[in-house]
Amino acid sequence: MSSYKKNLAIVMSYPLRQELAAGNRMLSFLHVAQANGYQVSVYSLSNKNERSELNQFGYVIKSCPLIFPGFFGRAIKETVNAFKLFHAVKKRKHNKVLISIPSMFLLFLMPRKLAKATYLDVRDLTWEYLSEQSYIQRVAKFVFRFLAKRKVNLFSAISVTNSCEYKYCSEVLNFTKQSPFLLPNGISLENFQKLSAISPPLPKANKQLTISYIGNIGIPQNLSTFVEAASYCPNIIFNIVGAGENLLAVKKLKEEKKLLNVNFLGSLPWNELLNVYSESDILYAQLNLDFSGAVPSKLYEYLSTGKFFIYGGAGEALNLLKGFENHLTIEPENAGKLVDAINESIKKEFPGHLSSANRIKIENSYIREHHVERWLEAIA
């Protein structure tokens, strides 16, 4: 065991990468803990040949391949990954262990005696997103909720990202040791400083208006809506930045519609991502109604730029956006509503306007390190 008196292990079932929302959140925990004298060990998963930011002091576990597709295939994969991560953690002694989910199996399979103090960071209540229309998934949701209730009070403290998760952990899971810590997803200080320095794109002759989506390309984001809207706006450039399980389906839709104004830019490192932000006139994000309890972390990035954006969604994200300006909110998964919002923004000359008020509010209330400092002081 290390000679450090303050020793923290961070356990998570995804790569520790700045471009990934979940990994970026944990980087803030890591840096703040190190600044406060903790020796930090990171136990994370990576796929074959996937880059990890912090191999020098982390334990990168190879992710189990998806043996067969579908609900059961993903469940088996996550179960195996959880066992592999906990097996690695138990080989070493730690004073404190922080387990970060959205992977629910890290919660369900957490060993009873992992460290002197074990903490749970809830970034997403993924089991609650299972479909009520599927009998199998409805039964699975009931079982997973039962498992979560059994495990949750083994933790010394819980941190959550929004008021919906706060209420769920307190009232549904009945976490009784203390009130959960509300640590908004927010944005890291470093990323905020870079994004808030962005200026409006320089006017160019015959420049086409550009709207950009930046983030995960998955089922909850359903970017077919974005591509459908592009088919009605041939004079506007639609950029899609990122990767995810629904990427091939979205690309196929573009090909079927023979669209020339939709660009897939892939996953970009931060310096290139900043260029996309800088050159975009409008930003766009969406989460379908099944995920109304979540707040996309990209919204904090969008707000940090001060740029105008359109958000398709409901629930917690709309509660957040009530306190900000320079955006339009619309019904999700409705291409017609998105086209209307784009046309309205052009008519009212929203593109190009930067909101200093949005930037100031993010700086004052949503810098992630400030919230983690408070959490670390409390658990110390």
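As shown above, the structure is provided for reference.
For the structure given in this document, a descriptive report is provided here. Just so it is clear, the model here is predicted, and its values are computed rather than measured.

**Concerning the packing of aromatic side chains**
- All told, the structure shown has 18 aromatic pairs when counted by the stated rule.
- Taking the centre distance of 5.2 Å and the plane angle of 20° together, the rings of Phe108 and Phe144 count as stacked. Of the two residues, Phe108 is situated in helix α3 (residues 104-108) and Phe144 in helix α4 (residues 135-152); the sequence distance between them amounts to 36 residues. Note on accessibility: Phe108 and Phe144 belong to one class, buried.
- Here Phe324 and Tyr366 contribute two aromatic rings whose centre-to-centre distance is 6.1 Å and whose plane-to-plane angle is 45°, an arrangement assigned as tilted. Here Phe324 is found in the loop between α11 (316-321) and β13 (327-330), whereas its partner Tyr366 is found in the loop between α13 (356-365) and α14 (368-379), with 42 residues between them in sequence.
- Of the residues examined, Phe324 reaches a relative accessible area of 8% and is grouped as buried.
- What makes Tyr366 buried here is its relative accessible area of 16%.
- Following the ring pairs from residue to residue traces out a cluster consisting of Phe105, Phe108, Trp127, Phe144 and Tyr168.
- For Lys251, the ring lying beneath its charged end belongs to Phe264, and the centroid distance is 5.7 Å.
- In this structure, Lys361 is placed above the aromatic ring of Phe324, and the distance from its NZ or CZ to the ring centre is 5.1 Å.

**Topic: the nonpolar core**
- In terms of nonpolar packing, the biggest core is built from 59 residues, with Phe226, Phe238, Ile240 and Ile310 touching the most fellow members.
- Here the element with the most residues in this core is helix α9 (residues 270-279); it accounts for 5 residues.

**Some words on the packing of helix α10 (residues 298-305) against α13**
- Where α10 contacts α13, the axes come no closer than 7 Å and their chain directions differ by 125°. Considering their axes alone, α10 and α13 lie oblique with respect to each other. The residues of α13 that touch α10, namely those facing Tyr300, Leu303, Ser304 and Thr305, are Asn358, Arg359 and Ile362.
- Residue composition of the contact of α10 with α13, grouped by class: 3 nonpolar, 3 polar and 1 charged.

**Quick word on the environment of Ala21**
- Within the element layout of this structure, Ala21 appears in helix α1 (residues 21-35).
- Given a relative accessible area of 27%, Ala21 falls into the partly exposed group.
- Residue contacts for Ala21: discarding those within four places in its chain leaves Arg123 and Ser297.

**Things to note about α10**
- Most of α10 sits out of view: 8 of its 8 residues are buried.
- Where α10 is concerned, the buried positions are Lys298, Leu299, Tyr300, Glu301, Tyr302, Leu303, Ser304 and Thr305.
- Gly306 sits one or two residues past α10 and shows a positive phi near 80°.

**Concerning the environment of Ser170**
- Considering the arrangement of structural elements, one finds Ser170 in helix α5 (residues 163-172).
- Counting along the chain gives 12 residues from Ser170 to Ile158, while the straight-line C-alpha distance between them is 9.9 Å.
- Leaving out residues up to four positions away in the same chain, Ser170 has contacts with Phe175 and Pro180.

**Quick notes on the sheet that holds strand β9 (residues 237-241)**
- Here we have 6 strands laid out as an open sheet, ordered β10-β9-β8-β11-β12-β13, and parallel in their pairing. The sheet is open, and its two borders are formed by β10 (262-266) and β13, each paired with just one other strand. Direction aside, neighbouring strands of the sheet carry axes that sit 20° apart on average.
- Contacting β8 (210-214), β9, β10 and β11 (282-286), α9 runs over the sheet at an angle of about 140° to β8.
- Sitting on the sheet, helix α12 (residues 335-347) is in contact with β8, β9, β11, β12 (309-312) and β13, with an inclination near 160° to β13.

The rules behind each value
- Residues numbered from 1 in each chain as written.
- Predicted model: local features only at pLDDT ≥ 70, side-chain atom pairs only at ≥ 80, totals over all residues.
- Heavy atoms only, no water.
- Phe/Tyr/Trp six-rings, centres within 6.5 Å; stacked < 30°, edge-to-face > 60°.
- Helix = DSSP H or I, 4+ residues; strand = E, 2+ residues; numbered from the N terminus.
- Buried < 20%, exposed > 50% of the residue type's maximum accessible area, 1.4 Å probe, protein only.
- Lys NZ or Arg CZ within 6 Å of the ring centre and 35° of its normal.
- Core = buried A, V, L, I, M, F, W, Y, C linked by side-chain atoms within 4.5 Å.
- Axes fitted to C-alpha atoms, helices over the stretch in contact; angles between N-to-C directions.
- Parallel < 35°, antiparallel > 145°, perpendicular 65-115°, else oblique.
- Contact = heavy atoms within 4.5 Å.
- Nonpolar A, V, L, I, M, F, W, Y, C, P; charged D, E, K, R; others polar.
- Pairing = 2+ DSSP bridges.

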